[in-house]
Amino acid sequence: MFGGIFDKLKQGLSKTRDNFTDKINEVLNLAVTIDEDLYEELEEILITSDIGMETTMDIIEELRVKIRKEKIADPQMVRPALKEVIRDMLLKDVEDKKEPDNKIILIIGVNGVGKTTSIGKLSSKMKNEGQKVLLAAADTFRAAAIDQLEIWSKRSGVDIVKHQEGSDPAAVVYDALQAAKSRKVNRLLIDTAGRLHNKKNLMNELEKINRVIDREMGDTERETLLVLDATTGQNAVIQAKQFKEVCPIDGIILTKLDGTAKGGVVISIKQHLNLPVRYIGVGEGIDDLQEFDAEGFVEALF
């Protein structure tokens, strides 16, 4: 992760960094010894960076162990130790998976989190990587969602399968699967409605969509990605919990990281929900959705 991509990430995390690293540096520069007061001050900084109470407690506990074990006495050495603790937390249980030749990706998330925009950016990214991409507009609940996705399909130069507003999402998915087969598509991105206030409906809808996929292309690898808005901080974690009750989730797309000082929520999602953050949005542009790289994230944060 070098050059342009890292610079963009660094820039995108600037608000979080001001809120997080600058405060940590300030506290450590004033500290004479590593004592309870110092731990309490660090705890406060972590909580206000939206890392969340439970995850903060885990980090502080790991930090204490590390400081004892490595016999760290200089407050200035706490910073690299903390950086290492956070990095290890983000890398825990992360396996390098080889991308399959063909994949169906279901995208879920409530309205307003940047779901449709993320699908558009993701389709552009995949197309640029040489994949043959197709979009399915299965969020038929909102007319605007279909129109918006169509605009993105034109921008990124990929085909779209759509029906009218109010039609059966599973029927859209069925048509998209047939089109994917006949056009030899290897990445099918499916937009779905995210009506969390009506969990039962959402659950039924997703189950129906998955049944259609099982029947038509059951042997193709499938991934369900949840889109969350980083600016909502801990609310994003609550939202992820609620979605997890409705359907299995394989990973997170975290949008609007550049617009928030709450980037610490990345750590909270990983530790608290044990869900990998797959992609992050660090800007408005079509190529500002990046694959999440834990090492790069921690470097940019510190």
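Only a predicted model underlies this, so the values are computations on that prediction, with no experimental measurement involved. (Residues numbered from 1 in each chain as written. Predicted model: local features only at pLDDT ≥ 70, side-chain atom pairs only at ≥ 80, totals over all residues. Heavy atoms only, no water.)

1. Here's the deal with the sheet that holds strand E6 (residues 251-255)
Thinking step 1. Read across the open sheet, the eight strands follow the order E3-E2-E4-E1-E5-E6-E7-E8; overall the sheet is mixed. Every interior strand has two partners, whereas the edge strands, strand E3 (159-161) and strand E8 (289-291), have only one. For this sheet the average axis-to-axis angle between neighbouring strands, irrespective of direction, equals 25 degrees.
Thinking step 2. Relative to E6, strand E5 (residues 221-229) runs parallel, the two sharing five bridges. Pairing of Asp229 across the sheet is with Thr255, part of E6. (Pairing = 2+ DSSP bridges. Helix = DSSP H or I, 4+ residues; strand = E, 2+ residues; numbered from the N terminus. Axes fitted to C-alpha atoms, helices over the stretch in contact; angles between N-to-C directions.)

2. Section: unusual backbone geometry
For residues that are not glycine, phi is negative in most cases, and the peptide bond is trans in most cases.
Thinking step 1. Positive phi is not limited to glycine here, since Asp50 has a value of about 65 degrees.
Thinking step 2. By the secondary structure assignment, Asp50 is in the loop between helix H3 (36-48) and helix H4 (53-69).
Thinking step 3. A positive phi is found at Lys256, a non-glycine position, where the angle reads about 60 degrees.
Thinking step 4. Position of Lys256 among the secondary structure elements: in the loop between E6 and helix H11 (265-273).

3. A word on the domain arrangement of the chain
Thinking step 1. Each assigned domain of the chain is listed with its residue range as follows: domain 1 (1-91) and domain 2 (103-301).
Thinking step 2. Relative to domain 2, the C-alpha centre of domain 1 lies at a distance of 31 Å.
Thinking step 3. Listed per partner, the contact involves 28 residues of domain 1 and 32 residues of domain 2.
Thinking step 4. When domain 1 packs against domain 2, close to 2800 Å² is buried across both sides, 64% of that on carbon and sulfur atoms. (Domains from an automatic or database assignment. Contact = heavy atoms within 4.5 Å. Buried area = accessible area lost by both parts, 1.4 Å probe.)

4. Focus on helix H9 (residues 199-217)
Thinking step 1. Look at H9: 26 Å from first C-alpha to last across 19 residues, which is about the 27 Å you get at 1.5 Å a residue.
Thinking step 2. Those residues of H9 lying buried are Leu202, Glu205, Leu206, Ile209, Val212, Ile213 and Met217. Down the axis, H9 shows its buried residues gathered within 120 degrees of arc, on one side only. Exposed residues on H9 whose side chains face more than 90 degrees from its buried face are Lys200, Arg211 and Arg215. (Expected span 1.5 Å × (residues − 1). Buried < 20%, exposed > 50% of the residue type's maximum accessible area, 1.4 Å probe, protein only. Arc of directions from axis to C-beta.)

5. Re the pairing of strand E4 (residues 187-192)
Thinking step 1. The buried fraction of E4 amounts to six of the six residues, a majority that puts the element mostly inside the structure.
Thinking step 2. Pairing of strand E1 (residues 103-108) with E4, which is carried by five bridges, proceeds in the parallel orientation. Counterpart to Lys103 in the pairing with E4 is Arg187.
Thinking step 3. One ladder, built from six bridges, connects strand E2 (residues 133-138) with E4; its direction is parallel. Paired with Val133 across the bridge in E4 is Arg187.

6. Describing the UniProt feature "domain: SRP54-type proteins GTP-binding" (unreviewed entry) in the chain
Thinking step 1. This chain's UniProt record puts "domain: SRP54-type proteins GTP-binding" (unreviewed entry) on residues 276-289.
Thinking step 2. Measuring from the first to the last C-alpha atom of residues 276-289 gives 16 Å, for a span that is 0% helix and 43% strand. (UniProt positions renumbered as here; feature names shortened; annotations may be inferred.)

7. Observations concerning the nonpolar core
Thinking step 1. Counting 78 residues, the largest nonpolar core has Leu254, Ile269 and Phe297 as the members making the most contacts within it.
Thinking step 2. Among the elements that take part in this core, helix H5 (residues 78-91) stands out by supplying seven residues, more than any other.
Thinking step 3. Each of domain 1 (1-91) and domain 2 (103-301) contributes no fewer than three residues to this core.
Thinking step 4. Leave out the neighbours within four places in its chain, and Leu254 touches Leu228, Asp229, Ala230, Val265, Val266, Ile269, Val277, Tyr279, Ile280 and Gly281.
Thinking step 5. In terms of nonpolar packing, the next biggest core, distinct from the first, is built from 19 residues, Ala170, Val173, Leu177 and Ala180 among them. (Core = buried A, V, L, I, M, F, W, Y, C linked by side-chain atoms within 4.5 Å.)

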